[in-house]
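# Understanding the architecture of this molecule
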Amino acid sequence: MLLVLAAVAAYPLFRTFYFGFTDASLDMLDSVNWVGFRNYLEWVDYGDGEGEFFGLLVDEVWWQSVWNTLYFSFVSVSFETFFGLIVALVLNANFAGRGIVRAAVLIPWAIPTTVSAKMWAWMMHDQFGILNDLLMKLHVISEPIAWTASSDTAMLAVLMVDIWKTTPFMALLILAGLQMVPRDIYEAAKIDGVHPVKVFFKVTLPIIRPAIVVAIIFRALDAMRVFDLIYVLTPANDDTRTMSVFAREYLFDFDKFAYGSAASTLLFLIIGGVTITIFAMGKTNVGREN
Amino acid sequence: MAELQLENISKNFGSIKVIHDVSLAVQQGEFVVFVGPSGSGKSTMLRLIAGLEDISSGTLKIDGQVANDLTPVQRGIAMVFQSYALYPHMNVYDNMAFGLRRHNMSKTEADAHIRDTARSLDIEQYLDRLPRQLSGGQRQRVAIGRAIVRQPKLFLFDEPLSNLDAALRVNTRLEIAKLHERMPDTTMIYVTHDQIEAMTLADRIVVMNHGNIEQVGTPMELYHNPVNQFVAEFIGSPKMNIIQDENAVEKTGIRPEHIELVADGQGQWRGKVEAIEELGAETLVFVRLPTEELVLVRVGDDQSVTRNDMVGLAPIEDKILRFNRDGGRC
């Protein structure tokens, strides 16, 4: 087991770490030279007493990508949690055709991301897209918007598609939590004459909170690795470039394999750090509950 | 403080009718036990009275007023659930206080009331604990406490003892009986499948089967004078012997404690002792008749029998019940 883990996880991981400390490029991965921290930070002396820092740690595009990633993750997961909770509550209620609706809700999530990203790219197309057409007819906007290209709306476009796509997943996880709540507790609350809204905030929500926390952790980790949606919907756009997209661009598009490896290493460390933080927060919360 | 009237109550779940035209009147302060096998409709009856299920047809009156469309609170009901249904994330105090806020009671009044109730149920020291930190018996008390603080007119119990072990069940049964003494004006309705709980707690027992009431009466009425074979067999433990007559039309019912073991050749029936269970105070003797029917006889500890003995069985004449082929009395 450990051997398999070492082969499929540890080896590629440490090889990436290693390349981050070399001058590797795609056509010469076999003969690389150790360059230390040069990819991360390097002082280049111009010889006239002046000099400049170079490297990933002072790369504005990189930090923009980090910010984009965190912003994207926070906003998308917040909305997905909110909408997911609402959808889960609806799906948890008894109504005719519930089984079919439960299955249908999952469709956005079941479509491969590249497909739905392309689909949305068409819907958001500045000239032929249905979204502009609708909004124009409703007189919400006066001229077409280049949703995916304009720097004002690119992030909004990405967020909309991600929320559309991933809310069902969130709803499903929360629904599983809702179904763990024993039915008779609601009956006890009915006998106690507690208002349904109060029952939701004082009974349902506290009981399903652990399930929501787990769902948020899953989604947040997933969102921070976001790649395909952004790569397809808004390629090479400073306003939506995330850490994964940044790494991919340097690794393969710009033939700066070492620099991309360094970015991948930092990406790993950042996600690891956020994960540990979230888990620590989750634990203290659960601890307080106990 | 409530009088309860059920008039031709029916309940359908979709096309399935689970309660058939049930009528019953319950006096104020009465302790009525609904008893029956699972699927008899006894729990559904309780849920209809509580207001957790809608009544399909018929009238439910509380203190003479139609209550079909009233909420549980308007009906003045408190209920103890089989699973206790405590709020798992609230401590004992909050569990008891949660439904109380709405009552016209100041915070200090409510607090004093909760502490009094907790003291009377011996759960005062657990007020800060969560339900999962309590034993089954303690949770049971909390559930009862939560119901009492609301000062209900009508106190409903849904199989409250079935999750407790045997010893605790006996104790809690006694406590529920005491509780009824302490609250003489509160009408109590109690659902169980256990006829011993029914016999020991009830002022009157309602025996239910297949969504119908088979018989209503005091425990002793049901024991001595059941209206049919179903009630006869359901009430009493061990259950009544039913022996087919030779003509195969009528049946004789006789309780194990109403048969004497006599010498072979005497008595009404003869048979072979197949098994003996010595319980200390009493002994249960299983006798196989030539017709392959098994008759249970309950004898004192002074009688000695041996397995495979041939014995005579002498029923006490005036305790014999006669049933026809459909199970009715004749």
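Residues numbered from 1 in each chain as written. Chains lettered and ligands numbered in written order. Predicted model: local features only at pLDDT ≥ 70, side-chain atom pairs only at ≥ 80, totals over all residues.

## What about the overall build of chain B?
A tally of helices and strands in chain B yields nine helices and 18 strands. For chain B, the spread of C-alpha atoms along the three principal axes comes to 75 × 45 × 35 Å. Residues counted as buried form 37% of the 330 residues belonging to chain B. Put simply, 63% of the contacts in chain B that link residues at least 6 apart link residues at least 24 apart. (Helix = DSSP H or I, 4+ residues; strand = E, 2+ residues; numbered from the N terminus. Buried ≥ 20, exposed ≤ 12 C-beta atoms within 10 Å, placed from the backbone. Contact = placed C-beta atoms within 7 Å.)

## A word on the sheet that holds strand β6 (residues 77-80) of chain B
Residues and elements named next belong to chain B. Taken in spatial order, the six strands make up an open sheet running β6-β7-β8-β3-β9-β10, and their pairing is mixed. With one partner strand each, in any of the chains shown, β6 and β10 (212-217) form the two edges of the open sheet. Across the sheet, the mean angle separating the axes of adjacent strands is 20° when strand polarity is ignored. Relative to strand β7 (residues 154-158), β6 runs parallel, the two sharing four bridges. Residue Val80 lies in a different strand from β7, and its bridge partner there is Phe157. Each of β6 and β7 is contacted by helix α5 (residues 136-148), which is oriented at about 180° to β6, the strand it contacts most. (Pairing = 2+ DSSP bridges. Axes fitted to C-alpha atoms, helices over the stretch in contact; angles between N-to-C directions.)

## A closer look at the environment of Arg47 of chain B
All names here are of chain B. With respect to the secondary-structure elements, Arg47 resides in helix α1 (residues 42-50). Each C-alpha atom, one on Arg47 and one on Met79, is 9.7 Å from the other, the two residues being 32 residues apart in sequence. Residues within four places of Arg47 in sequence aside, it is in contact with Leu52 and Glu53.

## A short note on helix α4 (residues 107-120) of chain B
All names here are of chain B. Relative to the 20 Å expected for 14 residues at 1.5 Å per residue, α4 spans 20 Å between its end C-alpha atoms, a close match to the ideal helical length. Listed as buried for α4 are Ile114, Thr117 and Ala118. The arc enclosing the buried residues of α4, seen along the axis, measures out at 100°, which places them on a common side. Exposed residues lying more than 90 degrees from the buried face of α4 are Thr108, Glu109, Ala112 and Arg119. The inward-facing, buried residues of α4 abut α3 (92-97) and α5. Once α4 ends, the next one or two residues include Asp122, with phi positive near 65°. (Expected span 1.5 Å × (residues − 1). Arc of directions from axis to C-beta.)

## Concerning the pairing of strand β9 (residues 204-209) of chain B
Residues and elements named next belong to chain B. Here four bridges tie strand β3 (residues 31-35) to β9, and the two strands are oriented parallel to one another. Looking across to β9, one finds that Phe34 is bridged to Val206. The pairing of β9 with β10 spans five bridges and is antiparallel. Each bridged residue has a counterpart across the sheet, and for Val207 the counterpart in β10 is Gln215. Linking β9 back to β10 in an antiparallel pair, the connection comprises two residues, with His210 at a positive phi of about 50°.

## Notes on the sheet that holds strand β4 (residues 57-62) of chain B
Two orientations exist for strands paired in a sheet by backbone hydrogen bonds: parallel and antiparallel. All names here are of chain B. In spatial order, the strands read β2-β1-β4-β5; together these four strands make up an open sheet with antiparallel pairing. Pairing within the sheet leaves two strands with one partner each, and these edge strands are β2 (16-26) and β5 (65-66). Pairing between β4 and β5: two bridges, direction antiparallel. Directly across from Lys61, in β5, lies its bridge partner Val66.

## A short note on helix α11 (residues 243-253) of chain A
Residues and elements named next belong to chain A. Taking burial as the measure, the eleven residues of α11 include eight buried ones, the bulk of the element. Those residues of α11 not exposed but buried are Met243, Ser244, Val245, Phe246, Ala247, Glu249, Tyr250 and Leu251. A positive backbone phi angle near 55° is found at Asp255, which sits one or two residues after α11.

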